[in-house]
Amino acid sequence: MLYRKYRPQNFSEIVGQEHVVKTLQGALESGRVGHAYLFTGSRGTGKTSLARIFAKALNCADFSKMRESNFAEKSSVRRSLGEGGLPEPCNQCDSCLAASQGNLLDLIEIDAASNRGIDEIRNLKDSALVAAPSGGFKVFIIDEVHMLTKDAFNALLKILEEPPSHVVFILATTEPHKILPTVLSRVQRFDFKRLNQGQISGKLGMMARKEGIKINEEALKTIAMSADGALRDAEVALSKIQACLPVGEASTDSTKAISVDEVNEMLGLVSYRYYPEFVSCLLGNDKTGALDLIQKIYLSGADLENFTGHLVEYMRKILMAKINPVVLASISGINDEETKSILALGQNTDGQKLIRIIVSFSNARNEIKHSPVPQLPLELAVIELCGT
Ligand SMILES: Nc1ncnc2c1ncn2[C@@H]1O[C@H](COP(=O)(O)OP(=O)(O)O)[C@@H](O)[C@H]1O
Ligand SMILES: [Mg+2]
Ligand SMILES: [Zn+2]
């Protein structure tokens, strides 16, 4: 899987999340390292990657030397520095090498989704009280921390109240609203942002070059848009595409680059051209046209739930643009062509009709799963909106 191979190993390889990266590097620079951090945000945005890089840097030989000298001899220690002179793990010392291979003894990762109970946290506490074998930091990464039982949470809270000085906790969750306020008040919280289309296609482009996958820019954008801000999802999609390519054949100058249409086909996505076309049919009460399109999309093998989800998203943009065209600029992943079609569709349309379409198709989307004929909920929505 490409996403494992290209997991960032340095702060500088993390895309976006600048506010988090800067603060963690600042803590390493000054030696003022907190005892508990909370990383929140949707999946595939770099929480685990960044937690591991921080753990690696904390145990890097360079950092240990600086710590021993109480940061007095900062300049005499050959410190690995990245862009802007900010610290990076050296990726050369024994500790860094172990960390990169996932063998760092002082880094303990717990998945709270499958280890939810009080016993796990008690074990964690016992382990936290023992100094790190290397004399450095012991770092505990607790993923999906909101899944802990109440008792386990309270036990964790006790440890957070008086953490041993050599211990750093990094809690991660996709659902921060489920974290008790008592815990929130004891951690330094960072909200990870969804990545935008440019950030995602930037990394995908780099990976494609290194892997020798020839793919055009528009096709990369298409993958990026389908990932809804999660870099991991985009990387998994690129793996799928790579798996479809003929094996053993190195791409040459004459190899054709993978196109948008091929990406859509391989990932079961619906071409973006269909959305404005479908919406025009609905707005013009052209039910034959709309029904034909549904059939065409279904036969192309695309996932209808996915199509309907994107359709609702597309309709939302039209509605928002109608209310205030300026907001379009703040919605990520829209290119010029799309902006034009969205503004045009919104202009001469009654807002109430847009709302009716959105509501009908949101409901239809939920019914697809249970429908004996997958197209039926969408067809009924069309007929209801355009009349029989
Ligand atoms: N901000 C990011 N910068 C670079 N790569 C990322 C980023 N976020 C996710 N990735 C990619 O996605 C994979 C999964 O990311 P991960 O850090 O496990 O996400 P999370 O823990 O937020 O679900 C990584 O191996 C990496 O390849
Ligand atoms: Mg994670
Ligand atoms: Zn190192």
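- As annotated in an unreviewed UniProt entry, the chain is DNA polymerase III subunit gamma/tau.
- In the Function (unreviewed entry) part of its UniProt record, the chain is described as follows: "DNA polymerase III is a complex, multichain enzyme responsible for most of the replicative synthesis in bacteria. This DNA polymerase also exhibits 3' to 5' exonuclease activity."

Regarding the coordination of the zinc ion (ligand 3)
Reasoning step 1: Around the zinc ion (ligand 3), the protein contributes the donor atoms C60 (SG), C90 (SG), C93 (SG) and C96 (SG), at 2.3 to 2.4 Å from the metal centre.
Reasoning step 2: Considering all four donor atoms around the zinc ion (ligand 3), angles at the metal cover 103 to 120° and the coordination shape is tetrahedral.
Reasoning step 3: Counting residues between consecutive donors of the zinc ion (ligand 3) along the chain gives the motif C-x29-C-x2-C-x2-C. A residue pair is termed long-range when its members are at least 10 positions apart, and C60 in the loop between helix 3 (47–59) and helix 4 (61–68) and C90 in the loop between helix 4 and helix 5 (94–100) qualify at 30 residues. C90 shares its class with C60; the two are buried.

What about the pattern of salt bridges?
Reasoning step 1: On inspection of all chains with the given rule, the structure shows 11 salt bridges.
Reasoning step 2: In this structure, D233 and R43 form a salt bridge, with 2.7 Å as the shortest nitrogen-oxygen distance. With D233 in helix 11 (residues 231–244) and R43 in the loop between strand 1 (36–40) and helix 3, this pair connects stretches of sequence that are 190 residues apart.
Reasoning step 3: Residue classification places D233 among the partly exposed residues on the basis of a relative accessible area of 24%.
Reasoning step 4: Residue R43 is classed as partly exposed on the basis of its relative accessible area, which comes to 48%.
Reasoning step 5: Note that R189 is salt-bridged to D191, the shortest N-O span being 3.0 Å.
Reasoning step 6: Residue class for R189 comes out partly exposed when judged on its relative accessible area of 40%.
Reasoning step 7: Overall, the relative accessible area of 38% leaves D191 in the partly exposed class.

Structural notes on the environment of T388
Reasoning step 1: Summarising the element assignment, T388 is placed in the segment after helix 18 (376–386).
Reasoning step 2: Distance in space between the C-alpha atoms of T388 and F11 is 59 Å, their sequence separation being 377 residues.
Reasoning step 3: Apart from residues no more than four positions distant in its own chain, T388 is found in contact with K287 and I383.

Examining the pairing of strand 2 (residues 107–111)
Reasoning step 1: Note that strand 2 and strand 3 (residues 138–143) share five bridges and pair parallel. The residue of strand 3 that forms the bridge with L107 is V139.
Reasoning step 2: What joins strand 2 to strand 3 is helix 6 (residues 118–129), and the crossover it makes is right-handed.

What to know about the domain arrangement of the chain
Reasoning step 1: What the domain assignment lists for the chain is domain 1 (2–191), domain 2 (197–267) and domain 3 (274–386).
Reasoning step 2: Between domain 1 and domain 2, the C-alpha centre-to-centre distance is 32 Å.
Reasoning step 3: With 10 residues of domain 1 at the contact, the number on the domain 2 side is 16 residues.
Reasoning step 4: Summed over both sides, the interface of domain 1 with domain 2 buries roughly 1,200 Å², with 57% coming from carbon and sulfur.
Reasoning step 5: Taken as a group, L2, Y3 and Y6 account for 53% of the area that domain 1 buries against domain 2, more than any other trio of residues on that side.
Reasoning step 6: In this structure, the connection of domain 1 to domain 2 is made through two salt bridges.
Reasoning step 7: Where domain 1 touches domain 2, the interface holds six residue pairs in polar contact (both at pLDDT 80 or more).
Reasoning step 8: In terms of residue class, the side of domain 1 that touches domain 2 is made up of five nonpolar, three polar and two charged.

Focus: the site of ligand 1
Reasoning step 1: Taken together, 19 residues are adjacent to ligand 1, and Y3, G44, T48, S49 and E235 come closest.
Reasoning step 2: G46 places a polar main-chain atom, nitrogen or oxygen, 2.9 Å from a nitrogen atom of ligand 1.
Reasoning step 3: One of the side-chain nitrogen or oxygen atoms of K203 is found 3.1 Å away from a nitrogen atom of ligand 1.
Reasoning step 4: Protein burial of ligand 1: of its 550 Å² of free accessible surface, 98% is covered by the chains.
Reasoning step 5: Counting only elements with at least two residues in the shell around ligand 1, the list comes to helix 3 and helix 11.

Calculation rules
- Residues numbered from 1 in each chain as written.
- Chains lettered and ligands numbered in written order.
- Predicted model: local features only at pLDDT ≥ 70, side-chain atom pairs only at ≥ 80, totals over all residues.
- Heavy atoms only, no water.
- UniProt positions renumbered as here; feature names shortened; annotations may be inferred.
- Donors = N, O, S within 2.8 Å, 3.2 Å for Na, K, Ca; no water.
- Tetrahedral: all angles 85-135°; square planar, octahedral: opposite > 155°, others 65-115°.
- Helix = DSSP H or I, 4+ residues; strand = E, 2+ residues; numbered from the N terminus.
- Buried < 20%, exposed > 50% of the residue type's maximum accessible area, 1.4 Å probe, protein only.
- Salt bridge = Lys/Arg side-chain N within 4 Å of Asp/Glu carboxyl O.
- Contact = heavy atoms within 4.5 Å.
- Pairing = 2+ DSSP bridges.
- Right-handed = clockwise from strand over helix to strand, strands pointing away.
- Domains from an automatic or database assignment.
- Buried area = accessible area lost by both parts, 1.4 Å probe.
- Polar contact = N/O pair within 3.5 Å; in protein donor to acceptor, adjacent residues only side chain to side chain.
- Nonpolar A, V, L, I, M, F, W, Y, C, P; charged D, E, K, R; others polar.
- Near = heavy atom within 4 Å.
- Areas by Shrake-Rupley, 256 points an atom, 1.4 Å probe, with all protein chains shown as cover.

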